[in-house]
Amino acid sequence: MTPLDELYRAIADAPPGPGTLAAFDLDGTLIAGYSASVVYRDRLRSFDISVGELLRTTGAAIDTQFRGADVGTLMDIAVQALAGRQDDELREWGLRLFRQQIAGMIYRDARAVVAAHHRAGHTVVMATSATPYQAQYVAEDLGIADVLSSAPEVVDGMLTGRLAAAPLWGVAKAKALAGYAADRGADLADAFAYSNGNEDVPMLESVGRPVALNPDRALTRRAERSGWPVVRLRAPQRGPTLLSTARTATALGALATASAVGVGAGLLTRSRQNAANLVGTVGPDVALAILGITVDVQGRDNAWTHRPAVFMFNHQSSLDVLVLGTVIKRDVTGVAKQEAAHDPRFALVGTLLDVAYIDRADTSRAKAALAPAVQKLKSGISLAIAPEGTRSPTPRLGRFKKGGFHVALQSGVPVVPVVIHDAGELMWRNSLVAHPGTVHVEVLEPVATTDWTLDTLDEHVREVRDLFDACLRRGPQ
């Protein structure tokens, strides 16, 4: 049994319910790397850091890293630089950085550990020295309701350049967690605490179930002396390697070749559908094989029992198109954002499939673009659509749009939910390169639409979204 398996067992064996706390550090623990580095790189790119601030920050970082100083000086410099900024503005900034970068840093297995605590009914809290602007959206994405963080002082919606209290570092973090537990009547003797850094020893010592999660050398030594569990998680694959880049380029070439062959077949048979079916049957399987990606499909028969249908899928990665293709294979068209029409990776395939490209900024034009899909469905051609409308930065579902549901209602065909797990781990939202691995897919039973009405459509949208949400929270089978 691996240390991670032992941790899952410990969570399951702990007292269930909200009286058991699980406290997670952020940087290096829930995410691979440091959110402050993302913040500083963004500020450097926008020339928002003076030379003086950069020198002071570098000196304070050296003192913290190599001389054991606390993070107070570093935090003071960072918060002073934000004096005069609006709190709302900085929260929007934090959301942008989360979507663009920090979301891709979350450990997949850390997400699963948090989910295990949620399943046990435990109270999950984040305890971090970072600011709310760095921590808030990670917590929201993981379903963590409460965040204990280093809070800048805000007066009339504006940062003063000072901290509201001492930064949550070392003993201060342990005291904050103790206060949080006392407010909820929870016993720290039953609590879990997770951290990667030796500075969090006071917090780890304060609970009955400390866990060194992705620990640095100093914390590893301390954990071994104290008999604490040491768990190391596999870091997200984000950066391209020479092999993954070569494989991705070869796979795209193979897909283009399959599309060209399909065009030729279509010209010979004078059938665009024959061309599309040839590409759909061969292209995705060949491309995925070259990428070294295996697709494990549960419920494959559900993709064939009721056709035509509206196939709905959760969308996190450009890889989803290939994964969906290997599941549906033939007699299908799709809906995509207008920008995808100019994507050289899939433009030819989109033309063969007669994909409907919609302008998400213009609701009336988007509805008009969907109108031909009803005729396609009535002629026997299925429709594939991502109800979220755009790629999500994490496996957490976005809001479902109703366009695909309207089409299913008007056509009288079922909705088939296709739940894709792990595609974002192999090819992140903003990446152009895929990595080898396994994508797990669950094709759920078709959802009949024969009794749907416009008045009940919102309810049916929620029902279908709940099916996706339950599968994603449970994880691949």
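Model, not experiment: these values are computed from the prediction. (Residues numbered from 1 in each chain as written. Predicted model: local features only at pLDDT ≥ 70, side-chain atom pairs only at ≥ 80, totals over all residues. Heavy atoms only, no water.)

Student: Honestly, helix H16 (residues 403-411) in this entry has me stumped. Any pointers?
Tutor: For H16, the complete set of buried residues consists of Gly-404, Phe-405, Val-407, Ala-408, Leu-409 and Ser-411. One or two positions beyond H16, positive phi appears at Gly-412, with a value near 70 degrees. (Buried < 20%, exposed > 50% of the residue type's maximum accessible area, 1.4 Å probe, protein only. Helix = DSSP H or I, 4+ residues; strand = E, 2+ residues; numbered from the N terminus.)

Student: Sorry, what's going on with the nonpolar core here?
Tutor: Soluble globular proteins tend to pack their nonpolar side chains together in the buried interior. Membership of the largest hydrophobic core comes to 43 residues, with the highest contact counts inside it found for Leu-30, Val-138 and Tyr-194. The element that contributes the greatest number of residues to this core is helix H7 (residues 132-142), accounting for six residues. Setting aside residues up to four positions removed in sequence, Tyr-194 forms contacts with Leu-7, Ile-11, Ala-23, Phe-24, Asp-25, Thr-29, Val-113, His-117, Met-203, Leu-204, Val-211 and Leu-213. In this structure, Leu-291, Val-297, Leu-322 and Val-327 belong to the second largest nonpolar core, which totals 31 residues. (Core = buried A, V, L, I, M, F, W, Y, C linked by side-chain atoms within 4.5 Å. Contact = heavy atoms within 4.5 Å.)

Student: Please explain the pattern of salt bridges as it appears in this structure.
Tutor: Charged atoms that come close allow side chains of opposite charge to pair. This model, assessed by the stated rule, comprises 16 salt bridges. Residue Asp-285 pairs with Lys-329 through a salt bridge whose shortest N-O separation is 2.8 Å. Placement of the pair is Asp-285 in helix H12 (residues 272-291) and Lys-329 in the loop between helix H13 (320-328) and strand S11 (332-337), with a sequence separation of 44 residues. With a relative accessible area of 31%, Asp-285 lands in the partly exposed category. Note that Arg-330 and Asp-331 form a salt bridge whose closest N and O atoms lie 3.2 Å from each other. Ionic contacts of the salt-bridge type, sharing partners, join the residues Asp-25, Lys-173 and Asp-200 into one network. (Salt bridge = Lys/Arg side-chain N within 4 Å of Asp/Glu carboxyl O.)

Student: Which parts of the structure should I look at to understand unusual backbone geometry?
Tutor: Peptide bonds are mostly trans, and most non-glycine residues show a negative phi. In this model, Arg-307 is joined to Pro-308 through a cis peptide bond whose omega is 0 degrees. Inspection of the secondary structure puts Pro-308 in the loop between strand S9 (293-298) and strand S10 (310-313). In this structure, Lys-329 is a non-glycine residue whose phi angle is positive, near 70 degrees.

Student: Just to check I follow, could you spell out the sheet that holds strand S2 (residues 123-127) for this structure?
Tutor: Within a beta sheet, neighbouring strands are joined by backbone hydrogen bonds and run either parallel or antiparallel to one another. The sheet built from six strands is open, its strands ordered S3-S2-S1-S6-S7-S8 with parallel pairing. Lying at the two open borders of the sheet, with one neighbouring strand each, are strand S3 (146-148) and strand S8 (230-231). The strands touched by helix H6 (residues 108-119) within the sheet are strand S1 (21-24), S2 and strand S6 (192-195), with S1 carrying the most contacts at an inclination of about 160 degrees. (Pairing = 2+ DSSP bridges. Axes fitted to C-alpha atoms, helices over the stretch in contact; angles between N-to-C directions.)

Student: Is there a simple way to explain the environment of Ser-392 in this structure?
Tutor: When you line up the elements, Ser-392 lands in the loop between strand S13 (382-385) and H16. On the basis of relative accessible area, Ser-392 is assigned to the buried category, the value being 8%. Between the alpha carbons of Ser-392 and Gly-424 there is a distance of 9.0 Å; along the sequence they are 32 residues apart. A polar atom in the side chain of Ser-392 sits 2.6 Å from the backbone oxygen of Thr-394. (Polar contact = N/O pair within 3.5 Å; in protein donor to acceptor, adjacent residues only side chain to side chain.)

Student: I'm lost on helix H8 (residues 171-183) in this one. Help?
Tutor: Every α-helical turn comprises 3.6 residues, leaving residues that sit three or four positions apart pointing alike. Along its 13 residues, H8 runs 18 Å from first to last C-alpha, staying within 8% of the 18 Å computed at 1.5 Å per residue. Within H8, the full set of buried residues consists of Lys-173, Ala-174, Leu-177, Tyr-180 and Ala-181. All buried residues of H8 project into a common sector of 120 degrees when viewed along the axis, lining one side. Every exposed residue of H8 that faces more than 90 degrees away from the buried side is listed here: Lys-175, Ala-182 and Asp-183. Next to the buried residues of H8 lie S1, S2, S3 and helix H9 (201-205). Positive phi appears at Gly-185, one or two residues downstream of H8, with a value of about 65 degrees. (Expected span 1.5 Å × (residues − 1). Arc of directions from axis to C-beta.)

Student: What's the story with the packing of aromatic side chains in this structure? I'm lost.
Tutor: A ring pair, where both rings are aromatic, is described by two values, the distance of the centres and the angle of the planes. Applying the stated criterion to the full structure yields five aromatic pairs. With 4.2 Å between their ring centres and 5 degrees between their planes, Phe-24 and Tyr-194 make a pair best called stacked. Of this pair, Phe-24 sits in strand S1 while Tyr-194 is found in strand S6, placing the two residues 170 residues apart along the sequence. This pair shows no difference in class: Phe-24 is buried, exactly as Tyr-194 is. Ring centres 6.3 Å apart and planes at 5 degrees place the aromatic pair Phe-192 and Tyr-194 in the stacked group. The same class applies to Phe-192 and to Tyr-194, which are both buried. (Phe/Tyr/Trp six-rings, centres within 6.5 Å; stacked < 30°, edge-to-face > 60°.)

Student: Before we go on, may I ask you to explain the side chain of Asn-302 in this structure?
Tutor: With respect to the element layout, Asn-302 can be found in the loop between S9 and S10. On the basis of relative accessibility, which here comes to 17%, the residue Asn-302 falls in the buried class. Separated by 2.8 Å, the side chain of Asn-302 and the backbone oxygen of Val-443 make a polar contact.

Student: Could you clarify how one ought to interpret the packing of helix H2 (residues 35-45) against helix H5 (residues 87-100) in this entry?
Tutor: Any two packed helices are characterised by how steeply their axes cross, that is the angle between the axes, and by the distance between the axes. In the contact formed by H2 and H5, the axes pass within 11 Å of each other and the chain directions differ by 105 degrees. With respect to each other, H2 and H5 are oriented roughly perpendicular. Facing Val-38, Val-39, Asp-42 and Arg-43 of H2, the residues of H5 in contact are Trp-93, Arg-96 and Leu-97. Residue composition of the contact of H2 with H5, by class: four nonpolar, no polar and three charged. (Parallel < 35°, antiparallel > 145°, perpendicular 65-115°, else oblique. Nonpolar A, V, L, I, M, F, W, Y, C, P; charged D, E, K, R; others polar.)

Student: How should I be thinking about the pairing of strand S7 (residues 209-213) in this particular structure?
Tutor: Taken residue by residue, a regular strand's side chains alternate between the two faces of the sheet. Most of S7 sits inside the fold, with four of its five residues counted as buried. Pairing geometry for S6 and S7, over four bridges, is parallel. Paired with Ser-195 across the bridge in S7 is Ala-212. In the sheet, S7 pairs with S8 via two bridges, with the strands oriented parallel.

Purely geometric stuff here, so don't read any function into it on its own.
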